[in-house]
Amino acid sequence: NLLGGLKDDQTILQLYRQCTTQRLNHLFPADVYAHANNSTCQPYRWHQWDSPTTQAFDELNKNVILALTQKEEMPLHSQLLTNIDTKRGGIGITSPRLKAIPSFILATKTTLDTIYNGVYLGKHHKRYILPQPITSLYENQASNPSQLLQLFNKFGPEIATICTKKESNQMEPFITSTKLNICHEQVNASIADRLQADVISTFESDSKHNIEEILDGKLGQGLLDLPRYDQRNRQPNNLFRFNLLRCLRLNIWESNGAELICPLCKQNFDKKGDHLYQCSVIGKKTNTKMHNRWNTSWHEYMNRIMPLVKLADSKAMKEQTGLVKSLRGSRVRPFDSHINLPTISNDGHFRCRLNKIGFDIILCNSDTCPPPSRGGSDAKSNKIITSLIAAEKSKFQRGRAISKARTCHDTGITISGEEIIEDLYNSKMQLIPFAISPLGLFGPTINRFLYGKSIDSDNIHNISATSFPHAHKMAKRASSAEVPSNILERANDIWRRQHPTENFGLSYKSPDPSTYYTQQFGRDICFATGSAGLEAISLLGDGPLIKSSRNNTCYDALNLFTNCTATNAFR
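Computed from a predicted model, the values in this text were never measured in an experiment.

Reading the values: the criteria
- Residues numbered from 1 in each chain as written.
- Predicted model: local features only at pLDDT ≥ 70, side-chain atom pairs only at ≥ 80, totals over all residues.
- Heavy atoms only, no water.
- Helix = DSSP H or I, 4+ residues; strand = E, 2+ residues; numbered from the N terminus.
- Buried < 20%, exposed > 50% of the residue type's maximum accessible area, 1.4 Å probe, protein only.
- Areas by Shrake-Rupley, 256 points an atom, 1.4 Å probe, with all protein chains shown as cover.
- Lys, Arg positive; Asp, Glu negative; His and termini not counted.
- Charge placed at Lys NZ, Arg CZ, Asp CG, Glu CD.
- Salt bridge = Lys/Arg side-chain N within 4 Å of Asp/Glu carboxyl O.
- pLDDT = per-residue confidence, 0-100.
- Contact = heavy atoms within 4.5 Å.
- Phe/Tyr/Trp six-rings, centres within 6.5 Å; stacked < 30°, edge-to-face > 60°.
- Lys NZ or Arg CZ within 6 Å of the ring centre and 35° of its normal.
- Axes fitted to C-alpha atoms, helices over the stretch in contact; angles between N-to-C directions.
- Parallel < 35°, antiparallel > 145°, perpendicular 65-115°, else oblique.
- Left-handed = near helix turned anticlockwise from the far one by under 90°.
- Nonpolar A, V, L, I, M, F, W, Y, C, P; charged D, E, K, R; others polar.
- Expected span 1.5 Å × (residues − 1).
- Bend = angle between axes of the 7 residues up to and from the residue.
- Core = buried A, V, L, I, M, F, W, Y, C linked by side-chain atoms within 4.5 Å.
- Pairing = 2+ DSSP bridges.
- Patch = residues over 30% accessible without salt bridge, like charges linked within 9 Å, V, L, I, M, F, W, Y side chains within 5 Å.

**Looking at the overall build of the protein chain**
The helix and strand tally for the protein chain stands at 21 helices and nine strands. In terms of principal-axis extent, the alpha carbons of the protein chain reach across some 95 × 70 × 45 Å. Looking at the protein chain as a whole, 53% of its 571 residues are labelled buried. Counting every atom, the protein chain has about 26500 Å² of accessible surface; 49% of that belongs to carbon and sulfur. The positive charge centre, built from 68 side chains, and the negative charge centre, built from 53, are 4 Å apart in the protein chain.

Below, the structure written as structure tokens:
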């Protein structure tokens, strides 16, 4: 018994995913053949195969998750997130429901290719043509009464369209010339797209505004994709359960439909834990620790990735003073960390006219519980992208008015945030805000720098070029060709050329820099952001209050206890 024999929840789920569900794909074609007559699955919904085997697998998957999270029910969106790949926002536990039809079609495709073209004997040998008594069994494919061919004719065109990307006349090239590995890649991508569309349509109202954050994928990779031989990747049970609940958007608190309020700030409180990162009272205790953990990790990553892409020759600097010319001698630190670009570049260096690139970590919340000041009980949550852009803007545009200035206690000089940005801009120092949401979605500026994701507008931050001219210039330059972008893909290319047979992360799970650092970001979400969530729960005491009666907690009202952490509030 896997659940009873091990005490480490992360190990249990990793073993279940790797050694159980992913080792049974060879049984799926037989399941289709055995239960085809009783199935109601339609070709256009081929990823929803139904059979007793499918139902048993889905029930098994659900029971494992419920046992680990110690919940009693699992909504449909959480079941779908269980099946979605970690890179697309889920935890990657497959099901015959998704893979049975493609497995059957691809297995039959291989058979038909052998029937029509002969047995493949190797690259330099002619195919062996099968005798006519065997090939005759598969003649007249379109009208052949064989159940195998009837099923192939029913579902094959849908799978062939996905694999060949042709809308018509796709069956012949699909059978005879489309490589099997290409078919698997295309089918897996289609399954992920279909699952994402299905899960979006089933999300509850408290998850509609931050869909991009939920489906970002870093949290799931931090939970399950990192090798366990490295002790730093191992999460204690309470932290793992909290992160798993958050990843699958399961309720942390139950209230039988009653609205909740925070006992600390008296604002609305959601059941999935988003308010833990939004509460102003909790934030005073947890935000600095969370910020410092992210800053330390990013500084460590830069010291390996920047020399690899030839963007810096020296180590990254952390919270350095003296960068603002007019405030030298003060303790003003405009960046959390920065790199110095080479003064003289050679052919291998990244071509860039900047002197420094500085990063400033900023944490934003998911805005699941908007304050009443934004419209009372009808206040709507901001989209998560809007929240991230607003967080970035606060770093570019320091202060709400150019006239707002402060006096430096060390130098006695009075200077505004806009003037600091002006000094940095004119000194060819580029600020890149590193905005991070609670579930690990990055802001557009750092996403462009790391992954090359395009920014659609020249002024997405809506900074006034009149009131804040230098903040406007700094933000505009951040998304221009003057600032490097897609550095992780560049790192991939360099690493593959220099180390064609080596894994960047010393594991087959992280073969290249982009995969490795995305997984590391996932680990930071689990440990930095997840630990802050657990600390926030402990600060709540007995947990959120029932809104109708401020003297009752969820536990008092429901008498429910979920032993996910050692704290009283995790109920």
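The rest of the description comes next.
**Observations regarding the pattern of salt bridges**
When their charged atoms lie close together, side chains carrying opposite charge are able to pair. According to the stated counting rule, one finds 22 salt bridges in the structure shown. A salt bridge links Asp-274 to Arg-246, with the shortest nitrogen-to-oxygen separation between them at 2.5 Å. Here Asp-274 is found in the loop between strand 2 (268-269) and helix 14 (280-308), whereas its partner Arg-246 is found in helix 13 (residues 237-247), with 28 residues between them in sequence. With respect to burial, Asp-274 and Arg-246 carry one shared label: buried. The structure contains a network of salt bridges with shared partners spanning Glu-204, Asp-206 and Lys-272.

**Regarding the confidence of the model for the protein chain**
Summarising the model, the protein chain shows a mean pLDDT of 89, and 91% of its residues fall at 70 or more. Low pLDDT, under 50, characterises residues 556-569; the stretch is placed with 39 contacts to residues that sit more than four places away or in other chains.

**Re the packing of aromatic side chains**
Within this structure, the stated rule accounts for 16 aromatic pairs. Relative to Phe-449, the ring of Phe-359 has its centre 5.3 Å away and its plane inclined at 65 degrees; by these criteria the two rings are edge-to-face. A residue pair is termed long-range when its members are at least 10 positions apart, and Phe-359 in strand 5 (residues 356-363) and Phe-449 in helix 17 (residues 444-451) qualify at 90 residues. Both residues of the pair, Phe-359 and Phe-449, belong to the buried class. Note that Arg-304 overlies the ring of Tyr-516, its terminal NZ or CZ placed 5.8 Å from the centroid. Above the face of the Tyr-451 ring, Lys-453 is positioned so that its terminal group lies 5.9 Å from the ring centre.

**Thoughts on helix 13**
Helical periodicity: at 3.6 residues per turn, an α-helix aligns residues three or four positions apart in one direction. Buried residues dominate helix 13, accounting for nine of its 11 residues. Along helix 13, the positions that sit buried rather than exposed are Leu-239, Phe-240, Arg-241, Phe-242, Asn-243, Leu-244, Leu-245, Arg-246 and Cys-247. Structurally, helix 13 contributes buried residues whose contacts are with helix 2 (9-19), helix 4 (52-69), helix 5 (76-83), helix 12 (218-224) and helix 20 (513-539). Among the residues trailing helix 13, Arg-249 stands out with phi positive, at a value near 55 degrees.

**A word on the environment of Tyr-425**
Along the polypeptide, Tyr-425 turns up in helix 16 (residues 417-426). Sequence separation of Tyr-425 and Arg-477 is 52 residues, and the distance between their C-alpha atoms is 9.3 Å. Once residues lying within four places of it in the same chain are set aside, the contact partners of Tyr-425 are Lys-473, Met-474 and Arg-477.

**As for the packing of helix 5 against helix 10 (residues 180-202)**
The interhelical angle for the contact between helix 5 and helix 10, taken along N-to-C directions, is 160 degrees, at an axis separation of 9 Å. In terms of axis orientation, helix 5 runs roughly antiparallel to helix 10. As for the relative orientation of helix 5 and helix 10, their crossing is left-handed in sense. Two secondary-structure elements touch here, helix 5 through Leu-76, His-77, Leu-80, Leu-81 and Asn-83 and helix 10 through Leu-195, Asp-198, Val-199 and Thr-202. A class-by-class count of the residues in the contact of helix 5 with helix 10 yields five nonpolar, three polar and one charged.

**Looking at helix 8 (residues 147-164)**
The end-to-end C-alpha separation of helix 8 is 24 Å, in line with the 26 Å expected for 18 residues at 1.5 Å each. The axis of helix 8 is deflected most strongly, by about 45 degrees, at Gly-156, and proline Pro-157 appears within four residues downstream. Every buried residue belonging to helix 8 is among Leu-149, Leu-151, Phe-152, Phe-155, Gly-156, Ile-159, Ala-160, Thr-161, Ile-162, Cys-163 and Thr-164, and all of these are buried. In this fold, the buried residues of helix 8 make contact with helix 3 (28-35), helix 6 (96-117), helix 9 (171-176) and helix 10. One or two residues past the end of helix 8 sits Lys-165, with phi positive at roughly 60 degrees.

**What to know about the nonpolar core**
Within soluble globular proteins, side chains that are nonpolar generally end up buried alongside one another. By size, the foremost hydrophobic cluster in this structure holds 113 residues, and its most contacted members are Leu-13, Phe-174, Leu-276, Met-306 and Phe-449. Here this core takes 10 residues from helix 20, the largest share from any one element. Leave out the neighbours within four places in its chain, and Leu-276 touches Phe-242, Trp-253, Phe-269, Ile-282, Gly-533, Ala-536, Ile-537 and Leu-540. Ranked by size, the runner-up nonpolar core spans 18 residues in total, among them Leu-424, Ile-463, Ala-471 and Ala-478.

**Regarding the sheet that holds strand 3 (residues 317-318)**
Taking strand neighbours across the sheet as the criterion, the four strands line up as 3-4-5-8 in an open arrangement whose pairing is mixed. The open sheet is flanked by strand 3 and strand 8 (429-436), the only strands paired with a single partner. Bridge count for strand 5 against strand 8 is eight bridges, and the pairing is parallel. Bridged to Ile-362 within strand 8 is Ala-435. In the packing of helix 15 (residues 384-396) onto the sheet, contacts are made with strand 5 and strand 8, and the angle to strand 8 comes to roughly 145 degrees.

**Overview of a nonpolar patch on the surface**
Judged by side-chain polarity, Leu-264, Val-281 and Leu-539 come together as a nonpolar surface patch covering roughly 190 Å² of accessible area. Mapping Leu-539 onto the fold places it in helix 20. Leu-539 sits in the partly exposed class, given a relative accessible area of 30%.

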